[in-house]
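# What the coordinates show
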Amino acid sequence: MRYRFCRPDGRIIHLFEETEPVLNEMGKVVFYQGATRDITEMVSTEQRYQAVVENAVEAIISINDKGIVQSLNRAAERLFQYSVDEVLGRNVSMLMPEEEAGKHDQYLQHYLDTREAHIIGVGREVEARRKDGATFPAFLSVNKLEVGGEVSFTGLLRDISEQKEAETSLILAKNEAERANRAKSEFLSSMSHELRTPLNAVLGFAQMLEFNPDEPLTPTQQESVNLIKRGGNHLLTLVNEVLELAKIEAGRLDLSMETVDLIATIEECAVIANATATDRGIHLTNAVEDVTLPKVRADITRLKQVLLNLLSNAVKYNRDAGHITIDAAKIENDFVRISVTDTGIGLSEREKKKIFEPFERLGKQTEDIEGTGIGLTITKQLIEMMDGDMGFESELGEGSVFWIELPISYDVERDHSNRQKSDVTQSYVGSIGNPDSHYDILYVEDNKANAQLMVKVFDSIPNATLSVVSDARSGIQYAKDNHPHLIMMDINLPGMNGVEATKVLQRNKGTSHIPVIAISASIWRARNGIAEDVEFFEYVEKPFDLTEIRDIVDAALKSKEA
Ligand code: ADP
């Protein structure tokens, strides 16, 4: 029995008295013997514990092994809007929505059957229900207590509605940002596509004017043509880069990773860059010529694009008669670092912060230098897609070092770095295919300017005749009637498109053997829209380069004869 006494000094003490009867041989109580203990310390610990539970921020509810509530603190009252009396002695499932209550009963039953507890000490998210029926998400952690063979469970419950709302709005915001980004990329992609078609005509006809042997240009006309070409090419670069950035951002750029011999690749890029460097008296040193370097894993075309961009910047932003050094070395963590050092205008601290942002052209000095401000943005993204890294150091007025790091490749099987370079040194005018044969070539194209341009290209080829039709059905009919040696097929045709038309031709016995070259303002779009059962000899992107188109046509004709 417990007693509470007040001492003369006012202090309260708690005593615990235990007595037992002592019996004689007749079984009669002779006297009581017992002991009294001072349990003041224990009681105050108990009270402190009770106060902690009562005032805890988290809701604390205890139940027995039948699910009957034995105690709950004030936070639980507030959270569930019930008073203690309304809950004590009732099943805890009243604090849960129906579905959750069912699960809880099963859980307890499972525990009683097997004594296996699954959520104890782990914690999980649950749905809880208030007195007014409203439900809310909560985080529940449960502890088991076993006293004198009796099992009880204490649950700590935290309302996580706000956290959940924040999570949901974060997900919504992320989805929205992704959607907007996709829409932007699609817009950029279709805009670039629309710009390429007229550009094709501008650049193509400028080239035609230049190469027309019957009407050579006067020096003034040549100068104007040069300006048209320069403006057109700048616009083309811009369109291509915007399109490329849009593709990267939309996650639509595929890389073809292989083992790359850096020495050969750097040499190739240095030779190209050297031509423009020499024009300005800039001396380019290739420091990797005589060293041994491990091979790296990269997409070779993209790597060349990156190196050419760094080298072309090193030329553009250099001073006349300056220096450029391209160097490479193995660094730690199985990477190779390639660096391009220049003695150019360098970057200020402010400029350094913005250098990888798209469309940022920095400093007054760059105003007269041609550029788009997208090159480095693309370069960095490409390098990161290749599992590499990129950075720079720069001193205003002194020069800059731009470096890239790529992982070493230990894969010797897929070494394509020594593949044959194609011979693209054909002259602009002259026969194609076998000079002794005559070829009939069909071009299916609805755009008049493109058609006219191609007619002009073929005017300079003595052993080929070009016929042009402006829609897919006429193209199919022409092919069935005349069996041309080669078909060039625009993809974006009105009505039936070029892919469908090619499918028809390749299913037809009489025309299935004719090679078809796909011509499209967007190779990427063309490739993506193409079904597996259609095969193109090659894809040519508009605006097409006259020499490139000649080479492809030539290769297609030769491949048929081989
Ligand atoms: P672009 O050269 O087409 O303008 P980039 O994205 O390649 O675009 O470069 C962005 C800007 O960074 C450039 O406009 C130039 O101001 C600055 N920059 C790039 N490379 C160098 C360099 N080697 N030295 C000084 N400034 C540079």
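Cut-off values and rules
- Residues numbered from 1 in each chain as written.
- Predicted model: local features only at pLDDT ≥ 70, side-chain atom pairs only at ≥ 80, totals over all residues.
- Heavy atoms only, no water.
- Salt bridge = Lys/Arg side-chain N within 4 Å of Asp/Glu carboxyl O.
- Helix = DSSP H or I, 4+ residues; strand = E, 2+ residues; numbered from the N terminus.
- Near = heavy atom within 4 Å.
- Polar contact = N/O pair within 3.5 Å; in protein donor to acceptor, adjacent residues only side chain to side chain.
- Areas by Shrake-Rupley, 256 points an atom, 1.4 Å probe, with all protein chains shown as cover.
- Nonpolar A, V, L, I, M, F, W, Y, C, P; charged D, E, K, R; others polar.
- Pairing = 2+ DSSP bridges.
- Axes fitted to C-alpha atoms, helices over the stretch in contact; angles between N-to-C directions.
- Contact = heavy atoms within 4.5 Å.
- Buried < 20%, exposed > 50% of the residue type's maximum accessible area, 1.4 Å probe, protein only.
- Expected span 1.5 Å × (residues − 1).
- Arc of directions from axis to C-beta.
- pLDDT = per-residue confidence, 0-100.
- Right-handed = clockwise from strand over helix to strand, strands pointing away.

## A look at the pattern of salt bridges
- Using the criterion set out here, one finds 20 salt bridges in the structure.
- Glu 349 serves as the salt-bridge partner of Lys 352, at 2.9 Å between the closest nitrogen and oxygen. Here the residue Lys 352 and the residue Glu 349 both occupy positions in helix 9 (residues 349-354), the gap between them amounting to three residues, near one helical turn.
- Here the salt bridges share partners, and the residues they tie into one network are Glu 125, Lys 164 and Glu 167.

## A word on the site of the ligand
- Neighbouring the ligand are 21 residues, the closest being Asn 313, Tyr 317, Arg 361, Thr 372 and Leu 376.
- Within the backbone of Gly 373, an N or O atom sits 3.1 Å from an oxygen atom of the ligand.
- Burial of the ligand by the surrounding chains reaches 98%, relative to a free accessible area of 540 Å².
- Elements that contribute at least two residues to the shell around the ligand include exactly helix 8 (300-316), helix 10 (375-385) and strand 15 (399-407).
- In terms of residues, the shell around the ligand owes the most to one element, helix 8, which gives three residues.
- Within the shell around the ligand, the residues separate by chemical class into eight nonpolar, nine polar and four charged.

## Notes on the sheet that holds strand 3 (residues 29-38)
- Here we have three strands laid out as an open sheet, ordered 1-2-3, and antiparallel in their pairing. At either margin of the open sheet sits one strand with a lone partner, and together these are strand 1 (2-6) and strand 3. Put simply, the sheet's adjacent strands are angled 35° from each other on average, direction ignored.
- Bridging between strand 2 (residues 12-23) and strand 3 involves nine bridges; their strand directions are antiparallel. Counted as the bridge partner of Glu 17 is Thr 36 from strand 3.
- Sitting on the sheet, helix 1 (residues 40-55) is in contact with strand 1, strand 2 and strand 3, with an inclination near 120° to strand 2.

## Topic: the sheet that holds strand 15
- Strand order in the open sheet formed by five strands is 10-12-13-15-14, with mixed pairing between adjacent strands. Both edges of this open sheet fall to strand 10 (283-286) and strand 14 (389-395), since each of them pairs with a single strand only. Direction aside, neighbouring strands of the sheet carry axes that sit 15° apart on average.
- Taken together, the seven bridges between strand 13 (residues 335-342) and strand 15 define a ladder with antiparallel strand orientation. Within the sheet, the bridge partner assigned to Val 340 lies in strand 15 and is Phe 402.
- Contacting strand 10, strand 12 (323-331) and strand 13, helix 7 (residues 262-279) crosses the sheet at an angle of about 175° to strand 10.
- Across the sheet, helix 8 touches strand 10, strand 12, strand 13, strand 14 and strand 15, and the angle it forms with strand 15 is around 170°.

## Some points on the side chain of Thr 265
- Within the secondary structure, Thr 265 is located in helix 7.
- Here the side chain of Thr 265 touches Asp 261 through a polar contact of 2.7 Å, landing on its backbone oxygen.

## Let's talk about helix 13 (residues 498-507)
- Inspection of helix 13 places Gly 498, Val 499, Ala 501, Thr 502, Lys 503 and Leu 505 among the buried residues, and these make up the whole buried set.
- Looking at the packing, one finds that the buried side of helix 13 touches helix 12 (472-482), strand 18 (486-490) and strand 19 (516-520).

## Comments concerning helix 11 (residues 448-459)
- In a regular helix each residue adds 1.5 Å, so 12 residues correspond to 16 Å; helix 11 covers 16 Å between its end C-alpha atoms and thus fits that length.
- Asn 450, Ala 451, Leu 453, Met 454, Val 457 and Phe 458 are the residues of helix 11 that are buried. Down the axis of helix 11, the buried side of the element spans an arc of 160°, and every buried residue falls inside it. For helix 11, the exposed residues set more than 90 degrees away from the buried face come down to Lys 448 and Asp 459.
- Where the residues of helix 11 are buried, they touch helix 5 (161-211), strand 16 (439-444), strand 17 (464-469), strand 18, strand 19 and helix 15 (546-561).

## A look at the confidence of the model for the chain
- Summing up the model confidence of the chain, the mean pLDDT is 85 and the portion of residues at 70 or higher is 92%.
- Per-residue pLDDT stays below 50 along residues 413-428; that stretch engages in 28 contacts with residues further than four places along the chain or on separate chains.

## Quick look at the pairing of strand 18
- Among the five residues of strand 18, five are classified as buried, and the element is accordingly described as predominantly covered.
- Of the two faces of strand 18, the one holding Leu 486, Met 488 and Asp 490 and the one holding Ile 487 and Met 489 are both buried throughout.
- Alignment of strand 16 against strand 18, held across four bridges, turns out to be parallel. Bridge assignment links Tyr 443 to a residue of strand 18, and that residue is Met 488.
- In terms of strand pairing, strand 18 meets strand 19 through four bridges, oriented parallel. Within the sheet, the bridge partner assigned to Met 488 lies in strand 19 and is Ile 517.
- Between the parallel pair strand 18 and strand 19, the chain is carried across by helix 13, and the sense of this crossover is right-handed.

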